[in-house]
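Analysis of the macromolecular model
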Amino acid sequence: MQENLEVPTLCRMCDHGCGILVSVENGKPVHIRGNPAHPFNKGWMCVKGKSALDLFYAANRLKTPLIRRGGRLLSASWDEALGHAAERLQRLKERWGPQALGIYYGEGVGHQEIRYYMKRFANVYGTPNFMSVGAICNAARTFGEILTLGGLTKPDIANARLVVLWGANPLVSHEPVPPKVIRRLGKSGARLVVVDPRTTETAARADLHLKIRPGTDAVLIAGLLHVILREGLWDRGFTGEWVSGFERLQAEVSKPRYAPEAGAALTGIDPEAVREFAREYARTRPACVFTGNGLEHHPSGVAKTRLLAVLKAVTGNLDVPGGELFTPRPPIKDITSPLPPPEAPAIGARRFPIFCRARGEAHALSLPRAILDEEPYPIKGLTVTGGNPTLQWPDSRRTREAFEKLEFLMVVDVVDAPDSRLADVVLPACTFLERDEHRSNVYLNLPCVTLRQAVVEPLYGLPDQMIWVKLAHAMGYREYFPWKSCIEGIDDLLSPMGKTYAEISAAGGIYAYDRRIYRRYEREGFGTPSGKVEIYPKRLEEAGFDPSPVPSLEAERMRAAEADQNDPFPLMLATGGNLLPYTHWQFRYIPRLRKTVPDPFLEIHPETAGLLGVRDGEPVEVRTETDVIVVPAMITGAIRPGVVHLAQGWETSNANRLTSNEDADPVSGFPNLKSVRCRVVKRASAS
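First, a word on scope: everything that follows refers to the structure included in this document. (Residues numbered from 1 in each chain as written. Predicted model: local features only at pLDDT ≥ 70, side-chain atom pairs only at ≥ 80, totals over all residues. Heavy atoms only, no water.)

**Looking at the overall build of the protein chain**
The helix and strand inventory of the protein chain stands at 24 helices and 27 strands. Rg of the C-alpha trace for the protein chain: 25 Å, near the compact-globule value of 26 Å for 687 residues, within the 12% margin. The principal-axis extent of the C-alpha atoms belonging to the protein chain is close to 70 × 70 × 50 Å. A burial count over the protein chain gives 63% of its 687 residues as buried. Taking contacts inside the protein chain between residues at least 6 apart in sequence as the whole, the part at least 24 apart equals 74%. Treating the 85 positive side-chain charges of the protein chain as one cloud and the 79 negative ones as another, the clouds have centres 2 Å apart. (Helix = DSSP H or I, 4+ residues; strand = E, 2+ residues; numbered from the N terminus. Rg over C-alpha atoms; globule rule 2.2 N^0.38 Å. Buried < 20%, exposed > 50% of the residue type's maximum accessible area, 1.4 Å probe, protein only. Contact = heavy atoms within 4.5 Å. Lys, Arg positive; Asp, Glu negative; His and termini not counted. Charge placed at Lys NZ, Arg CZ, Asp CG, Glu CD.)

Below you can see the structure in the form of structure tokens.
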């Protein structure tokens, strides 16, 4: 590589894929700045992106492969580690069958290129149990919108006159707009409405903040639809031509039981505020709604997202400037499909058939049951790439118990991480500054492919793609993995476009494969069987589910009902919120990020704390039906009374010790992380 140059590439400190420029001197990265030519961030960078060199030079980076010997992880050569892993995987296959191996990737490697290599490896090996972080992130929203709208929308926030952020905090979490776009809304004359039980960094800037009680989103959405349909505020032209099932919906939600007054006792939101919000949303064009995982992580997450999709549709905000945009995916070669499908069913396929069929993978959160209870058959081996399931999955205690029972565990990661400490083989990956990779930008509403270009040779480890290629070669699968470099693999993946890595790199690392066309449905229809928005999807009914997006809400009413202090779990716990310096568990090992939020804390309202006799900063026990943890209390008026919040990602005071996968959404299999019944008590003083 050349010396003393500035290389355009993409950040991977979160899933944004912001464009950055990296200065390299004498073969080492020395400075990073935002790339003003990138169509998404246009030069902006967050605190995590500015700390990317801290990740590159992190003290806890894995420097060599490791093999467990005599109970200890000891350094090994690449040939030795890959040979050992291949031998163990082959032995596992011969003894238990190929389905006994699970292959999992997490947020640390993203959701795009690397998964192709892993899925191909799974297919060659013969296991149906390729699985991903999709079992806990984004898929519920995707299912809800595809069933209803025929595709996934993303909000055109920069061009909207009214922006609704529902269970999302884009000033902190990685979302499809840079925070500066949110900050400019007031100056452009657009109004911001936030629906969230907490006064988050984003909610503090809102023109209207609806502090909803966790788990009652469907009640609020039904109330909004009730007002819009009773007062004739829907888009009659669009709805009449492009929406199927509208009359049935209108008859259903116009009933008094769905009026804002009927829902107020559950949502905790003043009925008049709901009515004013409904009128403003319906009358303001264009308007858009962005939802974070706050809407998905409930026992009825798909139903909630479907109901919200209906709200977007009947107000005429689909595929218009400033509304909800559909962005076509790039034509990427599927290198996994020519191989014969595995014979055994994927784990989770019986309980969550829609999830497994739609994503073409196993349901990851069903893994602990398969390991511990051997249902539907035993899982004896697992590979984990860029993830920490024992920390990030619900019921962490049971997940760890399952991992400890495995006959073989292989972990691929950049740094020493919680799961790597349990592994039999650890393979060091390199950082995003040391690998080449393509990226699709559909989630950013950009019909373009961008390149993550290696700026230096790997300091330690290998690119994830090449790790899987080399492991495949060690297994005897060389003919299925012919690529000698990441760039060769990218060229293969991009071949349907007629573009190569070199061509896109020469053009600044950005290639637009399509152009923005609004109202594509007028030419192509919606991507549903009927070609229209389907309020009552036939596909859902055929799968044995209630097709109505407006269920009786009785389960939600019971869940949300206020409990008295005699109830064993009188409070509502919301978990999973991100903290600005971190992406899930990642980066707590970077000193300058860790010092901004050094320790975990439980957010609790002064009124709730007063009833419990809890003082600010003192440790409390938080107990659910699943487990108990100890964490310091942080008393704040930024959360609803009766609700407490604990951020995710802490190894001590791990929020996922308190959550479970038993009360999962029946369609997506997503766990309940946002409306968990709990009890908080002062920790008894040591005698």
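And the narrative resumes.
**With respect to the side chain of R198**
Positionally, R198 belongs in the loop between β10 (191-195) and β11 (208-210). By relative accessible area, R198 is classed as buried at 18%. Discounting chain neighbours no more than four positions away, the residues touching R198 are A203, H209, K211, E603, A638, I639 and H645.

**A closer look at helix α2 (residues 78-96)**
Over its 19 residues, α2 extends 27 Å from the first C-alpha to the last, a length consistent with the 27 Å expected when each residue adds 1.5 Å. Residues of α2 that are buried: A81, L82, A85, A86, R88, L89 and L92. Buried positions in α2, seen along its axis, are confined to an arc of 165° and lie on one side of it. Exposed positions of α2 whose direction lies more than 90 degrees from the buried face are D79, E94 and R95. A positive backbone phi angle near 95° is found at G97, which sits one or two residues after α2. (Expected span 1.5 Å × (residues − 1). Arc of directions from axis to C-beta.)

**Things to note about the sheet that holds strand β3 (residues 28-34)**
Strand order in the open sheet formed by three strands is β1-β2-β3, and the pairing between neighbours is antiparallel. The outermost strands of the open sheet, each flanked by one partner alone, are β1 (5-10) and β3. Sheet twist, expressed as the average angle between the axes of neighbouring strands with direction ignored, equals 30°. Direction of pairing for β1 relative to strand β2 (residues 19-25): antiparallel, over a ladder of six bridges. Looking across to β2, one finds that V7 is bridged to V22. (Pairing = 2+ DSSP bridges. Axes fitted to C-alpha atoms, helices over the stretch in contact; angles between N-to-C directions.)

**With respect to the environment of N35**
Relative to the helices and strands, N35 is located in the loop between β3 and α1 (52-56). Residues N35 and A684, spaced 649 residues apart in sequence, show a C-alpha to C-alpha distance of 53 Å. Not counting residues up to four positions away in its chain, the partners in contact with N35 are P8, G19, I20, L21, N41, K42 and G43.

**Re the packing of helix α3 (residues 113-125) against helix α17 (residues 464-474)**
In contact at an axis separation of 9 Å, α3 and α17 are set at 15° when each is read in the N-to-C sense. Here α3 lies roughly parallel to α17, going by the angle between them. Crossing of α3 against α17: the hand is left-handed. Residues E113, I114, Y117, M118 and F121 of α3 pack against D464, Q465, W468, V469, L471 and A472 of α17. (Parallel < 35°, antiparallel > 145°, perpendicular 65-115°, else oblique. Left-handed = near helix turned anticlockwise from the far one by under 90°.)

**As for the pairing of strand β13 (residues 287-291)**
With five of its five residues buried, β13 lies for the most part within the structure. With burial as the criterion, each face of β13 is covered, one bearing A287, V289 and T291 and the other bearing C288 and F290.

**Side note on the pairing of strand β16 (residues 408-413)**
Within β16, six of the six residues are buried, which leaves it mostly tucked inside the rest of the structure. Of the two faces of β16, both are covered, the one formed by F408, M410 and V412 as well as the one formed by L409, V411 and D413. Pairing analysis gives five bridges linking strand β15 (residues 381-385) to β16, with the strands arranged parallel. Bridge pairing in β16 links L382 to L409. Note that β16 and strand β17 (residues 425-428) share four bridges and pair parallel. From the neighbouring strand, V411 faces β17, where its bridge partner is V426.

**A word on the sheet that holds strand β19 (residues 448-452)**
In sheet architecture, strand pairing relies on hydrogen bonds along the backbone and comes in two forms, parallel and antiparallel. Strands sit in the order β18-β19-β20 across an open sheet of three strands; the sheet is antiparallel. Looking at strand neighbours, the two that pair on one side only are β18 (437-440) and β20 (510-512), the edges of this open sheet. Neighbouring strand axes in the sheet, compared pairwise and without regard to direction, differ in orientation by 20° on average. With four bridges connecting them, β18 and β19 associate as antiparallel partners. By the bridge assignment for β19, E437 is matched with R452.

**Looking at the nonpolar core**
By size, the foremost hydrophobic cluster in this structure holds 81 residues, and its most contacted members are F121 and M410. Per-element accounting of this core gives the leading share, eight residues, to α3. Membership of the second largest hydrophobic core comes to 50 residues, among which are V193, A218, I269 and F526. (Core = buried A, V, L, I, M, F, W, Y, C linked by side-chain atoms within 4.5 Å.)

**Looking at α3**
Look at α3: 19 Å from first C-alpha to last across 13 residues, which is about the 18 Å you get at 1.5 Å a residue. Along α3, 13 of the 13 residues are buried, which leaves the element largely enclosed by surrounding structure. Just beyond α3, the residue with positive phi is G126, at close to 105°.

**A few points about the state of the cysteines**
Within this structure, the stated rule accounts for zero disulfides. Of all cysteine sulfurs, the one in C46 lies closest to C11, which takes part in no disulfide; the gap is 6.4 Å. You can call C11 buried: its relative accessible area is 8%. Between C448, a cysteine without a disulfide, and C18, which holds the nearest cysteine sulfur, the sulfur-to-sulfur distance is 12 Å. By relative accessible area, which is 6% here, C448 ends up buried. (Disulfide = S-S within 2.5 Å.)

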